[in-house]
Amino acid sequence: MMRSWCCIIAIFFLSSTLSAGAFISTSCVNQYQTDASPSRCYATSLPDINYGLSDQEFHTWLQEQVQDAPGRNTYASTYEESLTAIVNWRKRYRGNPQVWKRIFKKDRVVKELIESAPVIEFVKRAIDNLDDNDDEKFTIIDLCSGKGYLSMFLSEILPKEKVDKFILVDKAWAIANKKTTTELKPHHMNWDHIYGTTVNTDGEESSYFTTWPIPLYTSKQDLKDSCNQRQMTKHFFNKIDGPVIILAVHLCGTLSLKAIDMFNNNQVKLFALKPCCLPQMVYANRGDVFRIGQHEFDAKDVCSNGQYNKGNWNGPPRWHLQPRFDYWADNLFKGIDVGGSSSLEQDGSEDSGYRVSMSSHDGIKVKDDIVIQVDGGFQNTYIFAEREPVTPAIWEK
């Protein structure tokens, strides 16, 4: 009987503690009992959620997770600001472990940061060098955003007096409705980290939406649907006041073509693209010719069998695909409608390789080889562009 009461009391205490937001990891508590130094607890007991750590301890633990990450030294300040952003996310969702556990999966967030760091750096430079006499704020459109990690980083980092909003575009969102509550279906991506509600210390309910330094808006759009592209032109690009930045990180297959079309066909100031997987063989088998801007190329030269399924690669050895991926990236670069004469530079830093740049009276575009994939990975191409007037400080390397 005594043991049963002890169990009931223990369960009640744990439930109360979690609901109050004081996160606990049993394995970490045990570690603390035998070791006064918390640093050993980070790596051995807390692979993902990190309940029980102070915000400063959590920040230190994050630093340890990325200390050997590709680009960590090249983008040192961006990494530090991004880690601080993650700590701010944790503060935002304190008291709501369900949302936090869904948003913060260590390996996923670290991967997102590694891939996004060059783009975050690019956007920071652009915003920092915006003419202070210009009252117009930037709107940043995050294509194929997924949950929105890139915009979540930037919302915490960029000055809110220079950026109006982020628009997170993904076909997995539900259609947001300002007038009524949208019911999420099983096939929809959960957006509670953006539109969900929290209760403050006074018992008042408020939306997470209002807690982001720069607002995050979601937009359900399928980039492969030409109707959706026209709707975006009508409702976004033709109505937005101020300069627009398009960010397109980790775009698979022909989505990269759609992103470039969007830059070419609309009034967009800045563009950043990190292409991912190659197009599927269906395009080659049909004898398709890809056309972007003033450039065209045969699908058979860039398409490939194989794709990822739940993190596992099904297809030919990936190293076979590197020449084809390089050719794909070259053609994407040529399809961006700015730039004339070209130059080739080689950077001697450990995280950077070749840079190809083209400029004209219309603007500038740059293709950078930035090493963020190692141990056989080769998708290290980043493509950036700016319409005139060109901002020289953005393009310094």
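Structural data are supplied above this passage.
What comes next concerns the included structure. Predicted model only: the values in this text are computed from it and were never measured.

**Quick word on the overall build of the protein chain**
Counting its regular elements, the protein chain contains 13 helices and 15 strands. Sorting the 397 residues of the protein chain into buried and exposed places 48% on the buried side. If you take every contact in the protein chain between residues at least 6 apart in sequence, the share linking residues at least 24 apart comes to 65%. When the accessible surface of the protein chain is split by element, carbon and sulfur atoms take 50% of a total near 20,000 Å².

**Points about the packing of aromatic side chains**
Considering all chains together, one arrives at 20 aromatic pairs under this definition. Each ring, one from tryptophan 89 and one from phenylalanine 153, has its centre 4.9 Å from the other, and the planes form 40 degrees; the classification is tilted. On the criterion of sequence distance, the pair formed by tryptophan 89 in helix α5 (residues 76-92) and phenylalanine 153 in helix α8 (residues 149-157) is long-range, its members being 64 residues apart. Consider the rings of tyrosine 382 and phenylalanine 384, whose centres lie 6.3 Å apart with planes at 10 degrees: the pair is stacked. A network of ring pairs unites the aromatic residues Trp173, Trp191, Tyr195, Phe209 and Tyr217 as a single cluster. In this structure, arginine 92 packs its charged tip against the face of tryptophan 212, placed 3.8 Å from the ring centre. One cation-aromatic arrangement involves arginine 387 over phenylalanine 263; the distance from NZ or CZ to the ring centre is 4.2 Å.

**Brief notes about the pattern of salt bridges**
Working definition: two side chains of opposite charge can pair if their charged atoms are close together. Across all of its chains, the model carries 16 salt bridges by this definition. Between aspartate 330 and lysine 367 there is a salt bridge, and its shortest N-O distance comes to 3.0 Å. Here lysine 367 lies in strand β14 (residues 363-370) and aspartate 330 lies in helix α13 (residues 322-334), a separation of 37 residues in the sequence. Aspartate 330 gets classed as partly exposed once you look at its relative accessible area, which sits at 29%. Judged by its relative accessible area of 14%, lysine 367 is buried.

**Topic: the environment of arginine 324**
With respect to the helices and strands, arginine 324 occurs in helix α13. Using a relative accessible area of 29% as the deciding quantity, one classes arginine 324 as partly exposed. Distance from arginine 324 to aspartate 301, taken between C-alpha atoms, is 7.1 Å for residues 23 residues apart in sequence. Excluding residues that lie within four positions of it along the chain, arginine 324 makes contacts with Leu278, Lys300, Asp301, Val302, Cys303 and Ser304. Only 2.9 Å separates the side chain of arginine 324 from the backbone oxygen of lysine 300, close enough to count as a polar contact. Reaching out from arginine 324, the side chain makes a polar contact with the backbone oxygen of cysteine 303 at a distance of 2.9 Å.

**A few points about the side chain of threonine 139**
Checked against the element boundaries, threonine 139 lands in strand β1 (residues 138-143). Assessed through its relative accessible area of 0%, threonine 139 is described here as buried. If near-sequence neighbours (up to four positions away) are discounted, threonine 139 is found in contact with Asp164, Lys165, Ile167, Ile240, Pro243, Val244 and Ile245.

**Examining the nonpolar core**
Among the nonpolar cores identified, the biggest contains 64 residues, and Ile86, Trp89 and Val123 are the most heavily contacted of them. Ranked by the residues each element gives to this core, the list is headed by helix α7 (residues 106-128), at 11 residues. For tryptophan 89, the residues in contact, after removing those within four places along its chain, are Trp100, Ile103, Val109, Tyr149, Met152, Phe153, Glu156 and Trp212. Residues Ala248, Leu255, Ile260 and Tyr283 belong to the second largest nonpolar core, which totals 42 residues.

**Examining the side chain of threonine 218**
As for its position among the elements, threonine 218 is in strand β5 (residues 216-219). Not counting residues within four places of it along the chain, the set of residues in contact with threonine 218 comprises Leu168, Trp173, Ala176, Trp191, Ile194 and Tyr195.

**Quick word on helix α11 (residues 255-265)**
Here α11 lies mainly inside the structure; nine of its 11 residues are buried. When α11 is considered as a whole, its buried residues turn out to be Leu255, Ser256, Leu257, Ala259, Ile260, Asp261, Met262, Phe263 and Asn264.

**Notes on empty space enclosed by the protein**
The full count for this structure, using the stated rule, is one cavity of 30 Å³ or more. Space inside the largest cavity adds up to approximately 110 Å³. Split by residue class, the lining of the largest cavity holds nine nonpolar, five polar and one charged.

**Some points on the packing of α7 against α8**
Any two packed helices are characterised by how steeply their axes cross, that is the angle between the axes, and by the distance between the axes. Packing of α7 against α8 leaves a shortest axis separation of 9 Å and a crossing angle of 55 degrees. Relative to α8, the element α7 is oriented oblique. Here α7 and α8 pass one another in a crossing that is right-handed. Residues Arg108, Val109, Glu112, Leu113, Ser116, Val119, Ile120, Val123 and Lys124 of α7 form the contact with α8, whose participating residues are Tyr149, Leu150, Phe153, Leu154 and Ile157.

Thresholds, definitions, all that
- Residues numbered from 1 in each chain as written.
- Predicted model: local features only at pLDDT ≥ 70, side-chain atom pairs only at ≥ 80, totals over all residues.
- Heavy atoms only, no water.
- Helix = DSSP H or I, 4+ residues; strand = E, 2+ residues; numbered from the N terminus.
- Buried < 20%, exposed > 50% of the residue type's maximum accessible area, 1.4 Å probe, protein only.
- Contact = heavy atoms within 4.5 Å.
- Areas by Shrake-Rupley, 256 points an atom, 1.4 Å probe, with all protein chains shown as cover.
- Phe/Tyr/Trp six-rings, centres within 6.5 Å; stacked < 30°, edge-to-face > 60°.
- Lys NZ or Arg CZ within 6 Å of the ring centre and 35° of its normal.
- Salt bridge = Lys/Arg side-chain N within 4 Å of Asp/Glu carboxyl O.
- Polar contact = N/O pair within 3.5 Å; in protein donor to acceptor, adjacent residues only side chain to side chain.
- Core = buried A, V, L, I, M, F, W, Y, C linked by side-chain atoms within 4.5 Å.
- 1 Å grid on protein atoms, 1.4 Å probe; cavity = no way out; pocket = protein on both sides within 12 Å on 5 of 7 lines; lining within 4 Å.
- Points joined across faces, edges and corners; volume = space filled by probe spheres on them.
- Nonpolar A, V, L, I, M, F, W, Y, C, P; charged D, E, K, R; others polar.
- Axes fitted to C-alpha atoms, helices over the stretch in contact; angles between N-to-C directions.
- Parallel < 35°, antiparallel > 145°, perpendicular 65-115°, else oblique.
- Left-handed = near helix turned anticlockwise from the far one by under 90°.

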